[in-house]
Amino acid sequence: MAKEKVIILGAGIAGSQAALELAEDYDVHIFTKSALLASNSALAQGGIAAAVHPDDEPLSHYRDTLIAGHFENNRKAVRLLVEEAPHIIEELRQAGFLFDCTPNGKLLFGLEGAHSAPRILHAGGDQTGLLLTRFLHDRFPASVKLHTYEMASSILLDQDGHAAGIRTFTTKDGHCHFYHCDHLIIATGGAGQLFGNTSNDASITGDGIAMAIQVGAAIRDLSAIQFHPTLYFANGRAVGLVSEAVRGQGAVLVDQSGRALMAGEHPLADLAPRDIVSKVLFRAQNAGCSIFLDLSKVTDFEAKFPHITAMLDENQEPFRQTKKIPVQPGAHFLMGGIATNLSGQTSVPDLYAIGEAASTGVHGSNRLASNSLLEAFVFSKRAADQIKRTTISHKKMAIIPKKDCLSGGVSLPERTLLQEKVRQALGIERSEESLEHLLSFLKAYSFPSCQVVDSDTLERRNMCILAARMAENALTQLRQTEIEMRS
Ligand code: SIN
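The following refers to the structure shown. All figures in this text were calculated on a predicted structure; none of them were measured in a lab. (Residues numbered from 1 in each chain as written. Predicted model: local features only at pLDDT ≥ 70, side-chain atom pairs only at ≥ 80, totals over all residues. Heavy atoms only, no water.)

It is worth spelling out the overall build of the chain at this point. Across its full length, the chain holds 15 helices and 19 strands. The C-alpha atoms of the chain give 22 Å as radius of gyration, which agrees with the globular expectation for 487 residues (23 Å, within 12%). Along the longest, intermediate and shortest principal axes, the C-alpha atoms of the chain span 65 × 55 × 50 Å. In the chain, which comprises 487 residues, the share counted as buried stands at 58%. The contacts of the chain with a sequence gap of at least 6 include a subset with a gap of at least 24, amounting to 72%. Entry remark: accessible area of the chain is about 19900 Å², with carbon and sulfur atoms responsible for 51%. Across the chain, 46 positive and 54 negative side-chain charges occur, with their mean positions spaced 2 Å apart. (Helix = DSSP H or I, 4+ residues; strand = E, 2+ residues; numbered from the N terminus. Rg over C-alpha atoms; globule rule 2.2 N^0.38 Å. Buried < 20%, exposed > 50% of the residue type's maximum accessible area, 1.4 Å probe, protein only. Contact = heavy atoms within 4.5 Å. Areas by Shrake-Rupley, 256 points an atom, 1.4 Å probe, with all protein chains shown as cover. Lys, Arg positive; Asp, Glu negative; His and termini not counted. Charge placed at Lys NZ, Arg CZ, Asp CG, Glu CD.)

Set out below in structure tokens:
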């Protein structure tokens, strides 16, 4: 009997782990719109949080996750996350993945913001995401079919409203293709590229979430965006991330006069939860301060952070002389996304979402550092388990739209203009006025569901779809807060 077919969109850690879980029993196809390694997972520096130190325990990890998330987390999801964490680490080590260790083989634990204990496992110093992603890719059996440089443009449903396939185009020549499937998994990451200054990979334009919106999938907390306090800035633009682990090693956020910006702002000072640090820095910037990470107290910086060192060197940053890195907050992570249960199921039957594209509610309103790679592992395994438990009783027939408008019907803003409008409205501090301004700006354009076969146009359309939904969600939240404050 032919194996059931699973299509996975995205090859970061969530998509890749799901593929590995399903490879033996299913006909697995992975689609990426660019190179296989182009993902946020591969850029993750800090590591993966897990209470595996003998003095640590999942309960402490649980508490830290809730405190960072302002207790708005789905507690069941958090419990699963922290309890599964030590098993995930054990499995990875058993499979041969090498986390950084002391010379006598003891695991090294990094410290990041809002963790009450050093519990971040890392690899290659600051290259955990890249090494983990490669490790998973290297384990793909030949049966996993990789469709790189092929961008999914829409989800196809069957006559019962079940996910039943995708429409794609090859990014080099715009050739359109249709694929049927029994199960569809969205693992395309968040939407950091909606902002000009982001830590995210260039490919992260919210494509999977936009496709899910177009088939009516439930969406949750879409305006819950995390801003990382320390993106490295050169020539006025964000170049990349400077991991929170650098502050875990003693770096201090200072202004141009050397004043410690987090002193007196929070008991954890530089290692306060990310949203708190970012807000303090944002206000300092608005008051005219320049912001730096002072490295004076960090020993062996270059050995501990080889990737960051290479980024600074590529940009001729004189950090060895100044002992400082110029930084600013920038868009980093989407806590909201496609609403799922704890098995990755969306409101559309046979459509799953995992990783940053999904919203299980695990992160609350502010994700705890280094819980994202962990989330990718935990919930991709659970989604794969759910697929294995699901019986597809009949051959599904994806409905291929007969009439499509042509991409000529689409009118879209330039990417940088859109990013600037999004920054003004959906940044660290928001107002009804700026959100309404973004919505009326978007009204001047038209982004209908129609056939688009070039990636730049499709990305901008997806970004517009998300920007509109994010602004609506943020407006609703602001208004609700106002009502609550008045009553
Ligand atoms: C970092 O290394 O600062 C980022 C890790 C994360 O996003 O949790």
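This part covers the pairing of strand 10 (residues 183-186). Residues H183 and I185 of strand 10 are buried on one face, and the alternating residues L184 and I186, pointing to the opposite face, are buried as well. Sheet analysis places strand 1 (residues 5-9) next to strand 10, joined by 4 bridges and oriented parallel. Residue pairing for strand 10: I8 is matched across the bridge by I185. (Pairing = 2+ DSSP bridges.)

A few words on the site of the ligand. Close contacts around the ligand come from Q45, G46, E112, H228, L241, S243, E244, R274, H332, R367, A369 and S370, and that covers them all. A distance of 2.6 Å separates an oxygen atom of the ligand from a polar side-chain atom of S243. Grouping the constituent residues of the shell around the ligand by class yields 2 nonpolar, 6 polar and 4 charged. (Near = heavy atom within 4 Å. Polar contact = N/O pair within 3.5 Å; in protein donor to acceptor, adjacent residues only side chain to side chain. Nonpolar A, V, L, I, M, F, W, Y, C, P; charged D, E, K, R; others polar.)

Here the focus is the pattern of salt bridges. This model, assessed by the stated rule, comprises 23 salt bridges. A salt bridge links D255 to R259, with the shortest nitrogen-to-oxygen separation between them at 3.1 Å. The salt bridge involving R283 is made with E429; its shortest N-O contact spans 2.6 Å. Taken as a pair, R283 in helix 8 (residues 274-286) and E429 in the loop between helix 13 (415-426) and helix 14 (432-443) lie far apart in primary sequence, 146 residues in all. When its relative accessible area of 33% is taken as the criterion, E429 is described as partly exposed. Sharing partners across several salt bridges, the network here consists of K33, D207, R415, D456, E459 and R460. (Salt bridge = Lys/Arg side-chain N within 4 Å of Asp/Glu carboxyl O.)

This part takes up the side chain of K5. Along the polypeptide, K5 turns up in strand 1. Among buried charged residues, K5 stands out as having no salt bridge; its nearest opposite-charge side chain is D27, 5.0 Å away. There is a polar contact of 3.4 Å between the side chain of K5 and the backbone oxygen of H180. Residues in contact with K5, not counting those within four places in the same chain, are D27, H29, Y179, H180, C181, D182 and H183.

Another point: helix 15 (residues 455-486). Taking 1.5 Å of rise per residue, 32 residues should cover 46 Å, and helix 15 covers 46 Å from first to last C-alpha, within 8% of that figure. A distance of 3.3 Å separates the backbone nitrogen of D456 from a side-chain oxygen at the start of helix 15, and that oxygen is part of D454. (Expected span 1.5 Å × (residues − 1).)

So, on to the sheet that holds strand 10. Overall, parallel pairing links the 5 strands, which are arranged 6-2-1-10-18 in an open sheet. Looking along the sheet, the strands with just one partner apiece sit at the ends: strand 6 (145-147) and strand 18 (351-353). Here the strands of the sheet are splayed against their neighbours by 20° on average, with no regard to which way each runs. (Axes fitted to C-alpha atoms, helices over the stretch in contact; angles between N-to-C directions.)

This part covers the nonpolar core. Counting 59 residues, the largest nonpolar core has L9, L184, I186, L194, L426, L466 and M470 as the members making the most contacts within it. A total of 11 residues in this core trace back to one element, the largest contributor, which is helix 15. Among all residues touching M470, those that are not within four sequence positions of it are A191, L194, L222, S223, I225, L334 and L426. Judged by nonpolar contacts, the second largest core, of 52 residues, contains V6, A77, L81 and V378. (Core = buried A, V, L, I, M, F, W, Y, C linked by side-chain atoms within 4.5 Å.)

Let's shift gears to the side chain of T170. If you trace the backbone, T170 turns up in strand 8 (residues 163-170). The class for T170 is buried, based on a relative accessible area of 18%. For T170, the side chain forms a polar contact with the side chain of D173, separated by 2.4 Å. In this structure T170 touches Y149, E150, H175 and H177, once residues within four positions along its chain are discounted.

Our next topic: helix 4 (residues 75-94). Over its 20 residues, helix 4 runs 29 Å from end to end, which matches the ideal 28 Å to within 8%, given 1.5 Å per residue. At A85, helix 4 shows its largest bend, some 35°, and a proline, P86, comes one to four positions later. When helix 4 is considered as a whole, its buried residues turn out to be A77, V78, L81, V82, A85, I88, I89 and L92. Those residues of helix 4 hidden inside the fold are in contact with strand 3 (48-49), helix 3 (58-68), strand 5 (120-121), helix 5 (128-138) and helix 12 (372-389). Residue N74 occupies the N-cap position of helix 4, its side-chain oxygen lying 3.0 Å from the main-chain nitrogen of K76. Downstream of helix 4 by a residue or two, G96 has a phi angle that is positive, lying close to 110°. (Bend = angle between axes of the 7 residues up to and from the residue.)

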